[in-house]
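Understanding the architecture of this molecule
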Amino acid sequence: MNEGDITQGRNMIGFLGRVFGACFMALLLLSLLSFHAEDSTVLEGGVGAYVEIENWIGRFGAWFSQKILYAFGLASYPTVALLLLASTVRLMNQPARKITLSYLLGIGLFLFGLSMVLGNFPNFMKPLTTYLNLSQIPGGVLGQRLCAPASAQNAIGWISNIVNSTGALILTGTMTATGLYILFFYDYQLMVIKLWKDYKERQASQPTIEEETEPEVAIESLNPEPEEFIPEPEPKPKAVKAPIIKRTAQPVAIKNPKSTPVTSAPPAQKASSDFPNYRLPSTKLLNQIPSKTGTGGNDNDVKKQVLQQTMESFGIDAKVVGAMSGPRVTLFEIRPAPGVKVEKISSLQNNIAMSLKAESLRILTPIPGKDSVGIEVPNSSASAVHFRELLQSPSWRDTKGSLPICLGKDISGKPEIMDLARAPHLLIAGATGAGKSVCMNTLIMSLLFRFRPDELKLILVDPKVVEFTAYASLPHLVTPVISDVKKVPQALNWAVNEMERRYRMLAKIGSKNIAGFNARKPEAEPVMDEDGNPIPNKLPYIVVIIDELADIMMTSKQEIETLLARIAQKARAIGIHAVIATQRPSVNVITGVIKANFPTRIAFQVTSITDSRTILDVKGAEALLGRGDMLYKPPSGSKLSRTQGCLVDDDEIDRVISFISEQAEAEFVQDMFKEAKPETTTVGGVTVSAPPDSDFSEGDEELIQQAIGVILQDKRATTSYIQRKLRIGYNKASIIIEELERRGVVGPQIGSAPRDILIGDNEGAGASEASEQPADSEA
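Keep in mind that this is a model prediction, so the values were computed, not measured. (Residues numbered from 1 in each chain as written. Predicted model: local features only at pLDDT ≥ 70, side-chain atom pairs only at ≥ 80, totals over all residues. Heavy atoms only, no water.)

It is worth spelling out the packing of helix 4 (residues 76–91) against helix 5 (residues 101–119) at this point. Running from amino to carboxyl end, helix 4 crosses helix 5 at an angle of 150°, the nearest separation of the two axes being 9 Å. With respect to their mutual orientation, helix 4 and helix 5 come out roughly antiparallel. Note that helix 4 runs across helix 5; the crossing there is right-handed. Along its contact with helix 4, which presents Ser76, Pro78, Thr79, Leu82, Leu83, Ala86 and Arg90, the element helix 5 presents Tyr103, Ile107, Phe110, Leu111 and Leu114. Class assignment for the residues of the contact of helix 4 with helix 5 results in nine nonpolar, two polar and one charged. (Axes fitted to C-alpha atoms, helices over the stretch in contact; angles between N-to-C directions. Helix = DSSP H or I, 4+ residues; strand = E, 2+ residues; numbered from the N terminus. Parallel < 35°, antiparallel > 145°, perpendicular 65-115°, else oblique. Left-handed = near helix turned anticlockwise from the far one by under 90°. Contact = heavy atoms within 4.5 Å. Nonpolar A, V, L, I, M, F, W, Y, C, P; charged D, E, K, R; others polar.)

Enumeration according to the criterion identifies zero disulfides in this entry. Unpaired in this structure, Cys406 has its nearest cysteine sulfur neighbour in Cys646, at a distance of 5.9 Å. (Disulfide = S-S within 2.5 Å.)

We now examine the sheet that holds strand 1 (residues 318–325). Spatially, four strands are ordered 1-2-4-3 in an open sheet, and the strand pairing comes out antiparallel. Edge positions in the sheet fall to strand 1 and strand 3 (362–364), since each of these pairs with one other strand and no more. Neighbour-to-neighbour, the strand axes of the sheet open up by a mean angle of 25°, direction not taken into account. Here seven bridges tie strand 1 to strand 2 (residues 329–336), and the two strands are oriented antiparallel to one another. Looking across to strand 2, one finds that Ser325 is bridged to Thr330. (Pairing = 2+ DSSP bridges.)

Alternating positions in strand 7 (residues 426–429) separate into two faces, Leu426 and Ile428 on one and Leu427 and Ala429 on the other, with burial throughout. As paired strands, strand 7 and strand 10 (residues 576–582) are joined by four bridges and run parallel to one another. Bridge pairing links Leu426 to Val579 in strand 10. (Buried < 20%, exposed > 50% of the residue type's maximum accessible area, 1.4 Å probe, protein only.)

On to the pairing of strand 4 (residues 373–378). Counting buried residues in strand 4 gives six out of six residues, a clear majority hidden from the surface. Of the two faces of strand 4, both are covered, the one formed by Val373, Ile375 and Val377 as well as the one formed by Gly374, Glu376 and Pro378.

This next bit is on the sheet that holds strand 12 (residues 629–633). Strand pairs in the sheet, formed through backbone hydrogen bonds, run parallel or antiparallel to each other. Strand order in this open sheet of nine strands is 6-5-13-12-11-7-10-9-8, and the pairing throughout is mixed. Pairing within the sheet leaves two strands with one partner each, and these edge strands are strand 6 (415–419) and strand 8 (456–461). Averaged over all adjacent pairs, the angle separating strand axes in this sheet is 30°, with direction ignored. Pairing between strand 9 (residues 541–546) and strand 10: five bridges, direction parallel. Of the residues in strand 10, the one forming a bridge with Ile542 is Ile576. Packing of helix 24 (residues 609–616) onto the sheet brings it into contact with strand 7, strand 11 (600–603) and strand 12, and relative to strand 11 it is tilted by some 160°.

Attention now moves to helix 16 (residues 349–356). For helix 16, the set of buried residues is Ile352, Ala353 and Leu356. Around the axis of helix 16, the buried residues are gathered within 100° of arc, so they sit on the same side. Structural note: helix 16 exposes Asn350 and Met354 on the side pointing more than 90 degrees away from its buried face. Just past helix 16, the residue Lys357 takes up positive phi, approximately 55°. (Arc of directions from axis to C-beta.)

Before going further, it helps to examine a nonpolar patch on the surface. Side chains of Phe121, Phe124, Met125, Leu128, Tyr131 and Leu169 sit close together on the surface and give an oily, nonpolar patch of about 500 Å² of accessible area. Take Phe124: it is sitting in the loop between helix 5 and helix 6 (126–131). Take Phe124: its relative accessible area is 35%, and that puts it in the partly exposed class. (Patch = residues over 30% accessible without salt bridge, like charges linked within 9 Å, V, L, I, M, F, W, Y side chains within 5 Å. Areas by Shrake-Rupley, 256 points an atom, 1.4 Å probe, with all protein chains shown as cover. Salt bridge = Lys/Arg side-chain N within 4 Å of Asp/Glu carboxyl O.)

Attention now moves to the environment of Arg627. With respect to the helices and strands, Arg627 occurs in the loop between helix 24 and strand 12. In this structure, the C-alpha to C-alpha distance between Arg627 and Ala434, residues 193 residues apart in sequence, is 5.0 Å. Setting aside chain neighbours within four positions, we find Arg627 in contact with Arg328, Gly433, Ala434 and Gln644.

Evaluated as defined, the whole model comprises 11 aromatic pairs. Note on Tyr103 and Tyr186: the rings are 5.5 Å apart at their centroids and 65° apart in plane angle, and the pair reads as edge-to-face. Of the two residues, Tyr103 sits in helix 5 while Tyr186 sits in helix 8 (residues 158–187), which places them 83 residues apart along the sequence. On the basis of an interplanar angle of 75° and a centroid distance of 5.7 Å, the ring pair of Phe387 and Phe449 is categorised as edge-to-face. One end of the pair, Phe387, is in helix 17 (residues 387–391); the other, Phe449, is in the loop between helix 19 (436–448) and strand 8, with 62 residues separating them in the sequence. As far as burial versus exposure is concerned, Phe387 and Phe449 are alike and both buried. What links up through ring pairs into an aromatic cluster is the set Tyr103, Tyr181, Phe185 and Tyr186. When the ring centre of Phe185 is taken as reference, the NZ or CZ atom of Arg97 above it lies at 3.8 Å. Lying across the ring of Trp396, Arg450 places its NZ or CZ 4.9 Å from the centre. (Phe/Tyr/Trp six-rings, centres within 6.5 Å; stacked < 30°, edge-to-face > 60°. Lys NZ or Arg CZ within 6 Å of the ring centre and 35° of its normal.)

Spelled out as structure tokens, the structure:
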């Protein structure tokens, strides 16, 4: 191998080193620019593994940016940027001196000096340092420990303590300037000298204006034939005078924005959505996830020993075999020996609580699906579950639910995502301050982060007036937020009518549910409904949310109960779902009809076992901790899930609502609360008015008219008599009598006395005519 090959090899190695150096510096700078404070929580294990690293360079970038920012603060950015620029200059074969120990010393002087300079100014760029978790330490720990002034919140720095802040600033400024000069000397001095020499040579070789004109005249006079002096490369400057860019830029027609709709893309977007430019809200509108500590493994070990000692002290042969920690509660698993009754362990609930110094306990005897007993013990230090954390989890991104809702985290720390379409209706109950309202806000926010206004419609009922005020400007609303309880039956009746209308459209199209209806291919010709209107290509989901059911049940209990039952029984397939909540879980509010039609339930902390049984049919909710601690009964089974509800702040709600409302306006249904004129019928010469919100079909209405005729003829208004005369069931006859009381035909039942007949005082010809028709029909 000759000397030339060795030199070429060295040059190649040097080039590769410069390439890798520039790439490495670029990676370091990108990691600093994409620093996220919550990434440090993931690295420390304070957040579940489902939360992804947001740093552009992954775990290495998150680790590097965290360490260097914590050590040197904002000084990290210019240092890495200078090194990237220097490596780029060397990569471009610009003249530069070889790297020696003095060069490394210059890097250290600049980094350390700038860090200590920033340490003299604790409030420097306060918004940025707060975002980077560097509040009061813009120069990192180094700058704060060495140069923090006496006015800072932390202790005074060592250098500032010796030479005061002025002396510290002079020393650190000198260090920074020295380091910067060394970097300039090694990286840029030769390049600047070369550029200056080139500039001087160009200036020296360029003639003056007078010297320039004289030679041109002489050349033209001596050489009258210009063709001999025109070389072939001269067409290039001619191309510059008429650049091709201008010719290619003319057909783009940028100045005419009307030309863009000519393409087929915008009409396709408009056909698929009424809001083609609508953007779903981003998680950046929510608060940053604060740093969290671990779940306290050492604390769990101590509690395991206490539990084991308690079992042994009461003579129970059982072993503590494991623990599973969640945000608020840890589940300890105890496996009893064969022959030991689990009731012995559950009977020690108060003794175990005293031994663990716990405010409350919940014992599972046994854990569903396991051969062990579970004891749920509150954690010594609770951690909040933030709404943004759930939205960033793979469980939310990968969910296939039609109406996904973030509930919180279960006892194992995994996100709990509920599909309201499978629920298909939800009952929420709990005492005041237990977390019910926050859960309702989380439910609404989850839907807003998933659906456009043309994909989801909301009916919000807020008897308290203050709970849903923030959502008043939502474009998803069917009607303004309802706070008047007298309007609730009309809103529910509108939902029932919409349900029936949708079922007629499904029958017309031939679909079985809303998913099949929305997934069908659009017809070549529009299909008309019964009213002659074209059937839409897609139908939005409708969610009815009632915040306080107890206040509404006090005004019109039977009507509300009937309408909710109709919606719960039939509206699932057509995309209408109901969510009701109450803080008074009594049997007068959560009736048997409501419980039968709302299988999915959430119970927050209640005051008694009776209330827990009213909500969940089992005890347990009375032992909850409050503040979002819930028992969730999913629709798929009877197993209860201990879940900590997620937190969404009011300012987060305001930012999201503002972002959404700026893009679209609400289009309300105008005739939802319009009073309809009652229909009147004449029976036996007596005019009877049917209420406008009567839910009876035509066949039922015919039976009612026959019952009116029987009552006018025989002057008897009892359920059993109507049952015999019309040959119908007792329940049907009872419903008819109640409807007649509602219409003012008969009076109420008072004790054992017969009902008063309130019509038919003129039993003349009209009454006889009415009596003939039923007689003929019976014959």
